[in-house]
Amino acid sequence: MPIMYNTGEWFKVRPDYYRKVELATPDWPLDLDLEYMVVEAAPYGGPLATTRDPTKLVPVKGNARPMIRIFDTAGTETGHLLWNHGKLIAMGWSDTEELICVQENATVFVYDMFGREKESYSIGDEASVTKIVEAKVFQSSAGTGVAVMTTSGRIFLKQNSSKTERKLPDIPNSSQNCNCWEIVTEGRNSYCLLGRDREVIKLFPGETVGTITANLFEKPHDRIIKISVSYNHQHLALYTNTGLLWLGSVDMRQKYCEFDTGRKDMPLQMEWIMNADNSEADAVVISYPSYLLIVNRNADRSDFPYDPVMFLVAEMDGVRIITQNSHEIIQRLPKCVENIFAVNSQEPASYLFEAQKKFEEKSYKSDEYLSMCREKIELAVTECIEAASFEFCPETQKSLLRTANFGKGFIRGHNPDEYMRIMRILRVLNTLRHERIAMPLTFKQFSHLNPEVILSRLVFRKHYAIAIQVAKHLNLPESWILEHWAYHKVINDPNDTEVARKITEKFKNPSVEGISFCNIAAKAHQAGRDDLAIKLLELEPRASLHVPLLLKMRKFDRAVGSATQSGDTELITQVLLEMKMHMMLSNLHMTIRDHPLALNMYKKIMRESNRAGLYGIYNTEDDQKSIAEYHFENAIETEGLESNLSMIGNAYAQGRCTLEAELCADTSRLLKLQKTLSTKYNVNSLNGLSIHDTILELLQIGELKEAERIRNDFKVPERRFWWLRVITLSGQHKWEELEKLAKSKKSPIGYDPFVEVCLQQDNASEARKYIPRCRDNRKGLWYMRAKLFNEAIDSAFEQRDVHSLYDLQKNQAIVENGTLLGKVCNFIAALEGK
């Protein structure tokens with residue numbers, strides 16, 4: 001039906017079609033000849049590691065030590081390393097594109113794709129002592145593992161660098177040598193399959209000895225020389241020295257076929273071809289010098305002449321073939337592609353493809369082809385979109401997508417999301433397959449890895465611009481990519497000003513969110529570029545982020561300035577505590593004195609935790625008032641006030657606190673006087689009293705003259721002194737002396753206090769003496785409190801206070817006394833009548 005789109009590389013291994021797809025041809029360096037090399041390639045279009053094959057005679061140029069060179073799939077060298085360790089046994093790649101090298105003493109070295117060493121670890125002491133002869137790098141549920149076979153025939157397995165090594169069971173009849181072996185991962189366990197003579201031995205962890213499976217082949221042979229496990233660890237291929245091939249399940253309970261290749265020479269490699277449509281495997285690829293053989297589960301074959309040297313790389317949806325002059329992938333043909341492009345295909349997608357082609361040619365036949373698929377046009381559109389995702393040629397992709405776009409116009413309410421998704425991914429895949437990027441991923445591999453992993457691999461390869469464009473195209477965040485670009489600039493660009501300018505220009509884009517200058521500044525600090533780090537920190541507006549880094553850099557003056565500017569008290573406290581740990585106190589005080597908020601908080605911290613530290617601050621600032629207060633608090637706590645008052649007073653005087661200095665002098669004089677009086681009158685109650693209480697105490701012991709002297713010396717107001725005398729005399733019931741005091745001269749406090757103290761002592765008769773001398777508006781009140789109701793009535797009438805008379809009229813005592821009640825009523829009537 002349709003024209004032969006890329007069908008020239010199709011071949012049939014009955015009943016299925018397979019295809020060879022040519023990828024970008026690698027441009028190897030002139031000094032690299034793969035014929036004399038050991039090559040290990042990472043899956044998912046990852047890098048390749050090459051080193052000289054020690055089993056082949058090669059003329060040595062330059063250093064005789066082995067060199068491991070790392071290339072991408074386009075043949076560009078990304079790094080190299082001179083192998084300075086012991087004998088190199090095996091190489092392999094981890095799932096994170098790390099090169100794993102195993103040496104003879106069971107030590108494993110891990111490098112990145114640029115040849116930089118990342119870590120090393122050992123498979124165990126026993127393997128290290130007995131030495132190893134072979135090693136395998138494999139993928140497990142726990143990561144990338146390493147298995148080694150020692151010279152004693154023991155196999156040790158380590159599922160990742162952090163796991164402990166495990167010794168697999170003993171090999172039965174271990175005196176016989178094994179010809180080949182492979183690691184199989186099943187769930188969380190990994191075990192080993194060994195080929196020895198005509199039997200396969202399974203070594204499963206936890207068992208004491210391996211289990212033997214024999215008689216797998218029907219035809220005679222001497223020994224099994226190759227074992228291959230499929231990518232999904234579900235299928236097994238065995239190859240004998242007589243050229244027999246056995247295909248079956250990995251547990252060897254199901255046999256797919258037994259095939260005689262007719263070849264007696266040793267195959268180079270053997271790998272299973274995984275299907276692109278599902279996770280099954282139907283065929284194996286066997287490479288010989290200058291020859292490639294493909295055999296499927298139905299015992300059908302297809303073969304090709306090839307370059308003398310080739311290397312097979314198992315992928316999740318095919319097998320890549322790398323030679324000196326080519327780079328190809330062999331896949332089982334996806335069903336949707338076969339439906340569209342197969343000769344004489346009568347599938348709806350094939351008719352739709354032809355209809356769109358005729359429509360572009362403006363031919364009436366377009367409608368005829370369209371009518372043949374109109375009932376299943378939705379299926380046809382779906383297959384065209386799916387087929388486009390499996391294609392490598394951009395022109396074929398465009399033709400299929402144009403067909404899908406043409407067909408969906410005839411579907412009412414068609415959802416274009418899948419069409420748009422595939423189109424976006426294909427643009428990304430075409431970019432990744434370009435020789436400059438050299439990541440020839442298939443659609444299935446891209447979906448399995450997920451876009452985030454793809455972006456991280458682009459970033460690691462320093463393809464920052466491409467990574468940002470891919471992130472934008474797939475609507476993914478790009479900020480972390482910019483951060484990695486900034487890290488690269490920080491490490492590699494020596495010009496601080498230029499780096500800061502470039503980073504600022506990139507990060508000021510409003511579409512970029514979630515970027516912290518502090519992360520980049522931290523990298524600059526790690527690289528020893530503190531000046532650049534400070535420039536970057538100045539661009540970070542959030543003090544909570546950049547202050548901790550300033551503290552780490554020991555830039556305390558900037559840290560305290562930023563913290564106080566933010567007003568965050570917790571942050572200021574953190575800065576102060578950090579400064580206190582790493583700075584001399586004198587330097588700390590000089591640093592924070594220009595920041596009042598920080599200074600006050602530091603004083604508060606010292607007051608609560610280390611009062612002695614306060615004195616250093618006050619002394620640095622020459623704050624005499626605070627020094628005086630510090631000494632005063634210490635004197636109170638240590639009960640040494642008297643001995644320290646002179647020093648406290650001097651500090652107040654130097655601080656120009658005149659009032660406080662005078663108070664200190666007066667207090668010192670008073671304390672000395674109290675000590676003298678206590679000795680003189682043999683009383684202990686005077687010590688530490690105030691002037692008020694001291695005078696009161698002297699009056700109570702009858703020392704009036706001494707009390708008057710203190711009053712004069714300390715300028716106690718006369719009103720207070722009279723109050724004290726009135727309180728003392730009334731308390732001692734010295735009524736005559738109290739009356740003499742009242743008559744001695746006009747009272748500066750009036751006579752209400754005299755009445756009050758008499759009433760407090762329940763002496764109304766004494767109170768009666770002083771009430772007439774009180775103010776007129778207070779007389780009635782005092783008569784009432786003294787229960788002198790008759791005088792109270794007279795006083796109210798004299799004052800013409802009708803309200804007071806009414807209040808007296810309601811008094812219970814007057815109500816019960818008819819004479820007094822009548823008197824009140826008459827006075828009220830007399831006042832109201834007037």
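Residues numbered from 1 in each chain as written. Predicted model: local features only at pLDDT ≥ 70, side-chain atom pairs only at ≥ 80, totals over all residues. Heavy atoms only, no water.

### Overview of the nonpolar core
With 102 residues, the main nonpolar core has Leu352, Leu432, Leu458 and Ile503 as its most contacted residues. Once residues lying within four places of it in the same chain are set aside, the contact partners of Leu352 are Leu370, Cys373, Ile377, Ala380, Val381, Cys384, Thr403, Phe406 and Gly407. Residues Ala742, Phe754, Val757 and Ile828 belong to the second largest nonpolar core, which totals 34 residues. (Core = buried A, V, L, I, M, F, W, Y, C linked by side-chain atoms within 4.5 Å. Buried < 20%, exposed > 50% of the residue type's maximum accessible area, 1.4 Å probe, protein only. Contact = heavy atoms within 4.5 Å.)

### Focus on the pattern of salt bridges
According to the stated counting rule, one finds 36 salt bridges in the structure shown. In this structure, Arg461 engages Glu97 in a salt bridge whose closest nitrogen and oxygen atoms are separated by 2.9 Å. Of this pair, Arg461 sits in the loop between α9 (451–460) and α10 (464–473) while Glu97 sits in the loop between β7 (88–93) and β8 (99–103), and the two are 364 residues apart along the sequence. Assigned by exposure class, Arg461 and Glu97 land together as buried. Salt-bridge contacts for Asp282 lead to Arg297; the nearest nitrogen and oxygen are separated by 3.5 Å. (Salt bridge = Lys/Arg side-chain N within 4 Å of Asp/Glu carboxyl O. Helix = DSSP H or I, 4+ residues; strand = E, 2+ residues; numbered from the N terminus.)

### Let's talk about the packing of helix α5 (residues 377–390) against helix α7 (residues 417–433)
It is at 10 Å that the axes of α5 and α7 come closest, and there the two elements cross at 15°. Judged on the interaxial angle alone, α7 and α5 are roughly parallel. Crossing handedness for the pair α5 and α7: left-handed. Contact with α5, carried on its side by Ile385, Ala388 and Ser389, involves Glu418, Tyr419, Ile422 and Leu426 of α7 and no other residues of that element. When grouped by side-chain class, the residues that make up the contact of α5 with α7 number 5 nonpolar, 1 polar and 1 charged. (Axes fitted to C-alpha atoms, helices over the stretch in contact; angles between N-to-C directions. Parallel < 35°, antiparallel > 145°, perpendicular 65-115°, else oblique. Left-handed = near helix turned anticlockwise from the far one by under 90°. Nonpolar A, V, L, I, M, F, W, Y, C, P; charged D, E, K, R; others polar.)

### Observations concerning the environment of Gln331
In this structure, Gln331 sits in strand β29 (residues 327–332). C-alpha separation for the pair Gln331 and Ala283, spaced 48 residues apart in sequence, amounts to 9.9 Å.

### Points about the pairing of strand β6 (residues 77–82)
In this structure, strand β5 (residues 67–71) lies alongside β6, joined through 5 bridges in antiparallel fashion. Of the residues in β6, the one forming a bridge with Arg69 is His80. Here β5 folds back onto β6 in antiparallel fashion, the turn holding 5 residues, of which Gly75 has a positive phi close to 90°. (Pairing = 2+ DSSP bridges.)

### Quick notes on the sheet that holds strand β21 (residues 244–249)
Pairing in this open sheet of 4 strands is antiparallel, and the strands run β19-β20-β21-β22 from one edge to the other. Two strands lie at the open edges of the sheet, namely β19 (224–229) and β22 (255–260), each paired on one side alone. Across the sheet, the axes of successive neighbouring strands diverge by a mean angle of 15°, strand direction being ignored. Sheet topology note: the β19/strand β20 (residues 235–240) ladder contains 5 bridges and is antiparallel. Across the sheet, the residue bridging to Ser228 is Ala237, located in β20.

### Examining the environment of Asn415
Residue position: Asn415 is located in the loop between α6 (394–408) and α7. A distance of 3.1 Å separates the side chain of Asn415 from the backbone nitrogen of Asp417, its partner in a polar contact. (Polar contact = N/O pair within 3.5 Å; in protein donor to acceptor, adjacent residues only side chain to side chain.)

### Focus on the sheet that holds strand β26 (residues 301–305)
The strand order across the open sheet formed by 4 strands is β23-β24-β25-β26, and the pairing between neighbours is antiparallel. Only two strands of the sheet have a single neighbouring strand rather than two, namely β23 (269–274) and β26. Pairs of neighbouring strands in the sheet enclose a mean axial angle of 20°, with direction left out of account. For strand β24 (residues 281–288) and strand β25 (residues 291–296), the ladder comprises 6 bridges, and the chain directions are antiparallel. Following the sheet pairing, Ala283 is matched in β25 by Asn296.

### Examining the packing of helix α3 (residues 348–360) against α5
Interhelical geometry of α3 versus α5 gives an angle of 80° and a closest axis separation of 8 Å. Taken together, the axes of α3 and α5 are roughly perpendicular relative to one another. Mapping the contact onto sequence places Pro348, Ala349 and Leu352 in α3 and Ile377, Ala380, Val381, Glu383 and Cys384 in α5. Residue composition of the contact of α3 with α5, grouped by class: 7 nonpolar, no polar and 1 charged.

### Describing helix α25 (residues 704–713)
Along α25, the residues classified as buried are Glu706, Ala707 and Ile710. Angular distribution of buried residues about the axis of α25 spans 100°; they occupy a single face of the element. Among the residues trailing α25, Lys715 stands out with phi positive, at a value near 55°. (Arc of directions from axis to C-beta.)

### A short note on the pairing of strand β17 (residues 199–203)
Among the 5 residues in β17, 4 count as buried, and that is most of the element. Examined bridge by bridge, strand β16 (residues 189–196) and β17 share 5 bridges and lie antiparallel to one another. Each residue of the ladder has a partner; that of Leu193, found in β17, is Lys202. Hairpin connection, β16 to β17: the antiparallel pair is bridged by 2 residues, and Asp197 has positive phi, about 55°. When β17 meets strand β18 (residues 211–214), the two strands line up antiparallel, connected through 4 bridges. Bridging from a neighbouring strand, Lys202 pairs with Thr211 of β18.

### A few points about the side chain of Glu258
Checked against the element boundaries, Glu258 lands in strand β22. According to the relative accessible area criterion, Glu258 is buried, its value standing at 17%. Polar side-chain contacts of Glu258 include one of 2.8 Å to the backbone nitrogen of Glu218. Of note is the side chain of Glu258, whose polar atom sits 2.8 Å from the side chain of Lys255.

### With respect to unusual backbone geometry
Looking along the chain, the bond that leaves Arg14 and enters Pro15 is cis, with omega of 10°. On the secondary structure map, Pro15 appears in the loop between β1 (10–13) and β2 (16–22). Phi at Asn215 takes a positive value of approximately 60°, unusual for a residue other than glycine. Structurally, Asn215 is set in the loop between β18 and β19.

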